[in-house]
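Each chain, letter by letter, is given below.
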Amino acid sequence: MADTGRQSRRQLRSGTVVLGGMGLLAAALTACSSDDPDKRCVDRDSYNAAKGYKVVAEKNCKTVTSVNGAHYYGGKKKSGWVKGGSFTKSGKSSGSSSDGGSGTGVHRGGLGGGDSSSGG
């Protein structure tokens, strides 16, 4: 009977090691992931429902040019056009619209709420 107790503890210990190792692996992969997903300079005024946004030279996003350049993150690039991404760096849409609008995102109140009206 004592042998059974020893075997259970051994199984428990090995399970803990496996779970701990998975946590270390997840942390390592997170640390190695890129902070910047696929980032492309696009012309905001070029939106086409079928194709997305026209990819333009990076200089159009760094200086003022005749092109309304902005960085576009993620999405799929095909034949000089990119579609399915976002103008926000996080990769989440965060309220940005697909027609090139900047969007304000959703703001929710924390403790005490974000509503400026008073009760009473």
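Above: the structure in question.
Here is what the cut-offs are and how they apply
- Residues numbered from 1 in each chain as written.
- Predicted model: local features only at pLDDT ≥ 70, side-chain atom pairs only at ≥ 80, totals over all residues.
- Heavy atoms only, no water.
- Phe/Tyr/Trp six-rings, centres within 6.5 Å; stacked < 30°, edge-to-face > 60°.
- Helix = DSSP H or I, 4+ residues; strand = E, 2+ residues; numbered from the N terminus.
- Buried < 20%, exposed > 50% of the residue type's maximum accessible area, 1.4 Å probe, protein only.
- Lys NZ or Arg CZ within 6 Å of the ring centre and 35° of its normal.
- Core = buried A, V, L, I, M, F, W, Y, C linked by side-chain atoms within 4.5 Å.
- Contact = heavy atoms within 4.5 Å.
- Polar contact = N/O pair within 3.5 Å; in protein donor to acceptor, adjacent residues only side chain to side chain.
- Pairing = 2+ DSSP bridges.

Novice: Just to check I follow, could you spell out the packing of aromatic side chains for this structure?
Specialist: The relation between two aromatic rings is expressed through the spacing of the ring centres and the mutual angle of the planes. Per the counting criterion, the structure on display carries 4 aromatic pairs. Ring plane angle 80° and centroid distance 5.1 Å describe the contact between Tyr 53 and Phe 87, whose orientation is recorded as edge-to-face. Taken together, the residues span a long stretch of sequence, with Tyr 53 in strand S2 (residues 52–55) and Phe 87 in the segment after strand S4 (81–86) at a distance of 34 residues. The exposure classification of Tyr 53 matches that of Phe 87, with both residues buried. By the ring-pair criterion, three or more aromatic residues cluster together here, those being Tyr 47, Tyr 53, Tyr 72 and Phe 87. The ring centre of Phe 87 lies 4.0 Å from the NZ or CZ of Arg 44, which sits over that ring.

Novice: Looking at this structure, how should I read the nonpolar core?
Specialist: Buried together is how nonpolar side chains tend to be arranged in soluble globular proteins. Among the nonpolar cores identified, the biggest contains 6 residues, and these are Val 42, Tyr 53, Ala 70, Tyr 72, Val 82 and Phe 87. Those residues within four positions of Ala 70 in sequence are excluded, and the remaining contacts are Arg 40, Cys 41, Val 42, Arg 44, Cys 61 and Phe 87.

Novice: What exactly am I supposed to notice about the side chain of Ser 86 here?
Specialist: Turning to its location among the elements, Ser 86 is positioned in strand S4. Judged by relative accessible area, Ser 86 falls into the buried class, the value being 3%. For Ser 86, the side chain forms a polar contact with the side chain of Thr 88, separated by 2.7 Å.

Novice: Looking at this structure, how should I read the pairing of S4?
Specialist: Within a regular strand, the side chains alternate between the two sheet faces. Of the pairings in the sheet, the one linking S2 to S4 comprises 2 bridges and is antiparallel in character. Pairing of Lys 54 across the sheet is with Trp 81, part of S4. Where strand S3 (residues 69–78) and S4 come together, 5 bridges link them in antiparallel fashion. Opposite Lys 78, over in S4, you have Trp 81 as the bridge partner. What sits between S3 and S4 in their antiparallel hairpin is a turn of 2 residues, with Ser 79 showing a positive phi close to 50°.

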